[in-house]
Amino acid sequence: SVYLDLELPSDLQKLREAELYLENHSDKLVIIDEIQRKPELFPLIRSLVDRWSRNGSFLVLGSASPELIRQSSESLAGRILYLELSPFLTTEVGADAETIRQLWLRGGYPRSYLAESDEASMQWRVSFGRTYLERDIPQLGIRVPSSTLDRFWTMIAHVHGQLWNASTIAQSLSVSPPTSRHYLDILEETFIVRQLKPYHANLRKRLVKSPKVYFRDSGLLHMLHGIGTIEDLFGHPAVGASWEGMVIEQLISGCPDPNGRFFFYRTAAGAEIDLLYQASSANPPVAIEIKLSPAPSLTRGFWEGMKDLQCKRGYVVYSGAERYPMAKNVTALPVASLQEVFS
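Residues numbered from 1 in each chain as written. Predicted model: local features only at pLDDT ≥ 70, side-chain atom pairs only at ≥ 80, totals over all residues. Heavy atoms only, no water.

Engineer: How should the overall build of the chain be read in this particular structure?
Structural biologist: Each helix and strand in the chain was counted, giving 15 helices and twelve strands. For 343 residues, the compact-globule estimate of 2.2 N^0.38 gives 20 Å, and the C-alpha radius of gyration of the chain, at 22 Å, lies within 12% of that figure. Summarising its shape, the C-alpha atoms of the chain cover approximately 65 × 45 × 45 Å along the three principal directions. Between the averaged position of the 36 positive side-chain charges in the chain and that of its 39 negative side-chain charges there is a distance of 8 Å. (Helix = DSSP H or I, 4+ residues; strand = E, 2+ residues; numbered from the N terminus. Rg over C-alpha atoms; globule rule 2.2 N^0.38 Å. Lys, Arg positive; Asp, Glu negative; His and termini not counted. Charge placed at Lys NZ, Arg CZ, Asp CG, Glu CD.)

Next up, the structure:
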């Protein structure tokens, strides 16, 4: 393979005559990092892919800005496969108790997770946040002052795991609800937050229609809360919501089924399930409840949700280490065994 980092002037210089350079490496995998620095390469890549008639000629890496996705999809339609790279999963770093705690506290960004100490990890995340707001967002063509987004994502950290309320956030920022929604879309499109949609079925129920909002990386959430150690985390009011968000992201990002869909379920009558996994619309969803307690128990709302949706299987993901049955078709599951949900 040949690797080009377009943030290096020397590698950019190699592509001044891009066609000649790439033709000389037609027998190799060409890896182009930070492609957003030179989006005009896409039409050339399309022509070379067609000429070489070989899959896997290029591996293109970079920040997935909306404009970049549009350009690549237009230039390389039918010739490109998108892969979303999540922060570390337990299937990659291990699932023993100490590893899970470190992954939960520090998050899954490699330099944060692999830092020499919790303090060094926190310093990296603070620096990452500053760079994201002051450099990355403007480079993606998004014209929002960094100070405004800083206030906004701090607010989102305080409603992590809760229903999205555009009016409340907008009032706090002194902007309109559509503007606050635009800010949320920015964080979602740049993979900082996830909007978990509510499950809608043909039920005669009053269903909640607003999404839930989660930070995708627990380390960034803890950075915004000023949580630097595991002791700080367990003493913080957001500990339960943080654990829930971490488990949800591990499940969604680690799902082996590209067609799998995820929702939450809540009705005005009190039925509630933290997460639903549905392999296809023909199958009933799998109910997943998330508990930080080492001795979890289930509420009436969970059983009502299972009944409403006719779920055949249910799981309670908890902080313990043992898998055991809690009721007929409902199993307590440690984080180390999350992949069982998809079996």
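We are not done yet, so read on.
Engineer: Where do I start with the sheet that holds strand β5 (residues 193-196) in this structure?
Structural biologist: Read across the sheet, three strands follow the order β4-β6-β5 without closing on themselves; strand pairing throughout is antiparallel. Taken across any chain shown, the strands that pair with only one partner, and hence form the sheet edges, are β4 (162-163) and β5. In this fold helix α9 (residues 146-158) packs onto β4, β5 and β6 (212-215), with an angle of close to 110 degrees to the strand it touches most, β6. (Pairing = 2+ DSSP bridges. Contact = heavy atoms within 4.5 Å. Axes fitted to C-alpha atoms, helices over the stretch in contact; angles between N-to-C directions.)

Engineer: Is there a simple way to think about helix α15 (residues 300-309) in this case?
Structural biologist: Structural remark: α-helix, 3.6 residues per turn; residues separated by three or four positions point the same way. All of the buried residues in α15 are G301, F302, G305, M306, D308 and L309. Looking straight down α15, one finds its buried side chains confined to an arc of 165 degrees; they lie on one side. Facing away from the buried side of α15 by more than 90 degrees, the exposed set consists of R300 and K307. In this fold, the buried residues of α15 make contact with β7 (261-266), β8 (272-278), β9 (286-290), β10 (314-318) and β12 (330-334). Directly beyond the C-terminal end of α15, a positive phi value near 55 degrees is found at Q310. (Buried < 20%, exposed > 50% of the residue type's maximum accessible area, 1.4 Å probe, protein only. Arc of directions from axis to C-beta.)

Engineer: Explain unusual backbone geometry to me, please; I cannot follow it from the model alone.
Structural biologist: Across the chain, the bulk of peptide bonds are trans and the bulk of non-glycine residues have phi less than zero. At Q310, a residue that is not glycine, the phi angle is positive and equals roughly 55 degrees. Here Q310 is to be found in the loop between α15 and β10. Using a relative accessible area of 58% as the deciding quantity, one classes Q310 as exposed. Although it is not a glycine, N329 sits at a positive phi angle of roughly 70 degrees. When you line up the elements, N329 lands in the loop between β11 (324-327) and β12. The exposure class assigned to N329 is partly exposed, which follows from its relative accessible area of 45%.

Engineer: Sorry, what's going on with the pattern of salt bridges here?
Structural biologist: Under the definition given, this model contains 18 salt bridges. The salt bridge involving R79 is made with D50; its shortest N-O contact spans 2.8 Å. Of the two residues, R79 sits in the loop between α4 (66-75) and α5 (90-93) while D50 sits in helix α3 (residues 41-52), which places them 29 residues apart along the sequence. A residue is classified by how much of its surface remains accessible, and R79, at 36% relative accessible area, is partly exposed. A salt bridge links R135 to D136; its shortest N-O distance comes to 3.2 Å. The exposure class of R135 is partly exposed, given its relative accessible area of 39%. Salt bridges linked by common partners bring E84, R194, R216 and E249 together as one network. (Salt bridge = Lys/Arg side-chain N within 4 Å of Asp/Glu carboxyl O.)

Engineer: Would you mind going over the sheet that holds β7 with me for this structure?
Structural biologist: Consider a sheet: its strands pair through backbone hydrogen bonds, and that pairing is either parallel or antiparallel. Spatial strand order, β7-β8-β9-β10-β12-β11: six strands in an open sheet with mixed pairing. Lying at the two open borders of the sheet, with one neighbouring strand each, are β7 and β11. Each strand axis lies, on average, 30 degrees off the axis of its neighbour in the sheet, ignoring direction. The strands that helix α14 (residues 239-253) touches are β7, β8, β9 and β10; relative to β9, the one it contacts most, it runs at about 145 degrees. Relative to the sheet, α15 contacts β7, β8, β9, β10, β11 and β12, its axis offset from that of β8 by approximately 40 degrees.

Engineer: Sorry if this is basic, but what is going on with the packing of aromatic side chains here?
Structural biologist: Aromatic rings in a pair are described by how distant their centres are and how their planes are angled relative to each other. Inspection of every chain in the model, using the stated rule, returns 18 aromatic pairs. An angle of 80 degrees between the planes, with centres 5.7 Å apart, marks the rings of F88 and Y113 as edge-to-face. Of this pair, F88 sits in the loop between α4 and α5 while Y113 sits in helix α7 (residues 110-113), placing them 25 residues apart in sequence. Judged by relative accessible area, which is 8%, Y113 ranks as buried. Of the aromatic side chains, those joined through ring pairs into one cluster are Y109, W124, F128, Y132, W153 and F215. (Phe/Tyr/Trp six-rings, centres within 6.5 Å; stacked < 30°, edge-to-face > 60°.)

Just distances and angles here, no functional claims.
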